[in-house]
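# Summary of structural features
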Amino acid sequence: MDIIKQNNLFNWIGGKKWLNNHIISIMNIDNKLKHINRYIEPFVGGMGAFKNFYTLLPKNTKIEYLINDINYPLMTLYNTIQNNPENLIKEYKKIKINFENYFPTTLFNKKDKIEVQNVLFDCQKYYLEQRIIFNELKLNKNNPILMAAIFLFLMEYTFNGIYRENKKGEFNVGYNWKVNLIDTEMKIKTINYYNNFFNYINISFFNENYDYMFKFQTDNSLFYFDPPYVKSNEAKSKPNSYSENEFTIFNQNELLNKIITLNNFVYSNHATNEIKKYFNNLDIKYNLIPRKNFISSKGNDRDKIIEEILVYKFN
């Protein structure tokens, strides 16, 4: 199944689809990954990197994929797509039908920002109502299928495609005032595709802290680490909180000390001086990759070039 060409379930800020060519370049080194039979990703996010690795890992063995993220709604969605897509689609369609009833047919001719916000007032109100329901379900861990369906909807209309939680664990991003509707039928086709894919391969989903996944390491495992990024030398803005538990500099250092014990791993982050020095001292290979700062919430900062680091070690 060609997962790499499939539509995304949602946009996820900090996604790694753009990293595809760079991952290809390091994965083709002397065919050192032919023995890999387990792939482990402790910070999966929107699955952009996972799709890249899936296409590159050998298909002549039955690889086990162990996928984790601390974000509860995210992993609930993946589990629901795998095990209960029919009820997910049923709830999702109800939400979208109600939303589209509020969406004005005259909006497509509107260009003035204030005018757009006036005609989309009821859409914003509905979005905020769904956000309240979502947070109640999330915090109480009730009705996970409905929560997953609302999560899909919110990620279609959240401002700048951002998922962020406050200290209480509540999703708190506002409405994005989009002037176009997301195609519901296309999203349903995407859900069904991922259901088939998740049941075609040997994949398991976890909702744990990243360190839980180290228990699955073997000599023939490959880890990919894409933790919440440290502040770059160029981008000083606060990183987004994907859960109520912020990933601190202590967590970053703890993670690095665990990574270097592994046989096979790939790791990405901002190329800070501290991270480069850490791997230089250990003589572990890495590539430096310049890119635009598209994660920044400030429009002027998105054209600035920042540097990322892609670290790799294969035995």
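Structure report, in brief.

Conventions and cut-offs
- Residues numbered from 1 in each chain as written.
- Predicted model: local features only at pLDDT ≥ 70, side-chain atom pairs only at ≥ 80, totals over all residues.
- Heavy atoms only, no water.
- Salt bridge = Lys/Arg side-chain N within 4 Å of Asp/Glu carboxyl O.
- Helix = DSSP H or I, 4+ residues; strand = E, 2+ residues; numbered from the N terminus.
- Buried < 20%, exposed > 50% of the residue type's maximum accessible area, 1.4 Å probe, protein only.
- Pairing = 2+ DSSP bridges.
- Axes fitted to C-alpha atoms, helices over the stretch in contact; angles between N-to-C directions.
- Contact = heavy atoms within 4.5 Å.
- Right-handed = clockwise from strand over helix to strand, strands pointing away.
- Phe/Tyr/Trp six-rings, centres within 6.5 Å; stacked < 30°, edge-to-face > 60°.
- Polar contact = N/O pair within 3.5 Å; in protein donor to acceptor, adjacent residues only side chain to side chain.
- Parallel < 35°, antiparallel > 145°, perpendicular 65-115°, else oblique.
- Left-handed = near helix turned anticlockwise from the far one by under 90°.

Our next topic: the pattern of salt bridges. All told, the structure shown has seven salt bridges when counted by the stated rule. The partner of Glu64 in a salt bridge is Arg38, with the nearest N and O atoms 2.9 Å apart. Of this pair, Glu64 sits in strand β2 (residues 64–68) while Arg38 sits in strand β1 (residues 38–41), placing them 26 residues apart in sequence. Take Arg38: its relative accessible area is 18%, and that puts it in the buried class. Across the pair Lys187 and Glu156 runs a salt bridge whose closest N-O atoms are separated by 2.7 Å. With Lys187 in helix α8 (residues 184–200) and Glu156 in helix α7 (residues 144–157), the pair connects residues that are 31 residues apart, well separated along the chain.

As a further point, take the sheet that holds strand β3 (residues 202–206). In spatial order, the strands read β3-β2-β1-β4-β5-β7-β6; together these seven strands make up an open sheet with mixed pairing. Taken across any chain shown, the strands that pair with only one partner, and hence form the sheet edges, are β3 and β6 (286–292). Across the sheet, the axes of successive neighbouring strands diverge by a mean angle of 15 degrees, strand direction being ignored. Relative to β3, β2 is paired through five bridges, and the arrangement is parallel. Bridge pairing links Leu66 to Ser204 in β3. Packing of helix α1 (residues 20–27) onto the sheet brings it into contact with β4 (221–225), β5 (265–270), β6 and β7 (305–313), and relative to β7 it is tilted by some 30 degrees. Here helix α2 (residues 48–56) sits on the sheet in contact with β1, β2, β3, β4 and β5, set at roughly 165 degrees to β1.

Attention shifts here to the pairing of β1. Neither face of β1 is exposed, since Arg38 and Ile40 on one face and Tyr39 and Glu41 on the opposite face are all buried. Bridge count for β1 against β2 is four bridges, and the pairing is parallel. The residue bridging Arg38 from the neighbouring strand is Glu64, located in β2. With α2 bridging β1 and the parallel β2, this β-α-β connection has right-handed handedness. For β1 and β4, the ladder comprises three bridges, and the chain directions are parallel. In the sheet register, Arg38 faces β4, and the bridge partner there is Ser221.

Another point: the packing of aromatic side chains. Applying the stated criterion to the full structure yields 46 aromatic pairs. Ring centres of Phe53 and Tyr224 lie 5.1 Å apart, and the angle between their planes is 40 degrees; this geometry places the pair in the tilted category. In this pair, Phe53 is assigned in helix α2 and Tyr224 in strand β4, connecting sequence segments 171 residues apart. Of the two residues examined, Phe53 and Tyr224, each falls in the buried class. A centroid spacing of 5.3 Å and a plane angle of 85 degrees characterise the contact between Tyr278 and Phe279, whose relative ring orientation is edge-to-face. For Tyr278, a relative accessible area of 21% puts it in the partly exposed group. Residue class for Phe279 comes out buried when judged on its relative accessible area of 0%. A network of ring pairs unites the aromatic residues Tyr39, Phe50, Phe53, Tyr54, Tyr65, Tyr78, Tyr193, Tyr194, Phe197, Phe198, Phe205 and Tyr224 as a single cluster.

For Glu308, the position within the fold is in strand β7. In this structure the side chain of Glu308 is engaged in a polar contact, spanning 2.4 Å, whose partner is the side chain of Arg291. Excluding residues within four positions of it along the chain, Glu308 makes contact with Lys16, Trp18, Tyr229, Asn269, His270, Ala271, Asn287, Leu288, Ile289 and Arg291.

The relative placement of two packed helices is expressed as an angle between their axes plus a distance between the axes. One can describe the packing of helix α4 (residues 85–102) onto helix α6 (residues 121–140) by two numbers: an axis separation of 8 Å at closest approach and a directional angle of 155 degrees. Classified by the angle their axes make, α4 and α6 are roughly antiparallel. Seen from above, α4 lies across α6 with right-handed handedness. Between α4 and α6, the residues in contact are Lys94, Ile95, Asn98, Phe99 and Tyr102 and Asp122, Cys123, Tyr126 and Gln130, respectively.

Attention shifts here to the pairing of β5. Taken across its six residues, β5 has six buried, putting it largely inside the fold. Two elements, β4 and β5, share three bridges in a ladder whose sense is parallel. Residue pairing in the sheet places Phe223 in a bridge with Phe265 of β5. Summarising the sheet, β5 and β7 pair through six bridges and their orientation is antiparallel. Its bridge partner being in β7, Ser268 is matched across the sheet by Leu310.

What follows concerns unusual backbone geometry. Here the phi dihedral of Lys141 falls at roughly 55 degrees; this positive angle occurs in a residue that is not glycine. Within the element layout of this structure, Lys141 appears in the loop between α6 and α7. Positive phi, close to 60 degrees, is recorded for Asn160, a residue that is not glycine. Among the secondary structure elements, Asn160 is positioned in the loop between α7 and α8. Assessed through its relative accessible area of 38%, Asn160 is described here as partly exposed.

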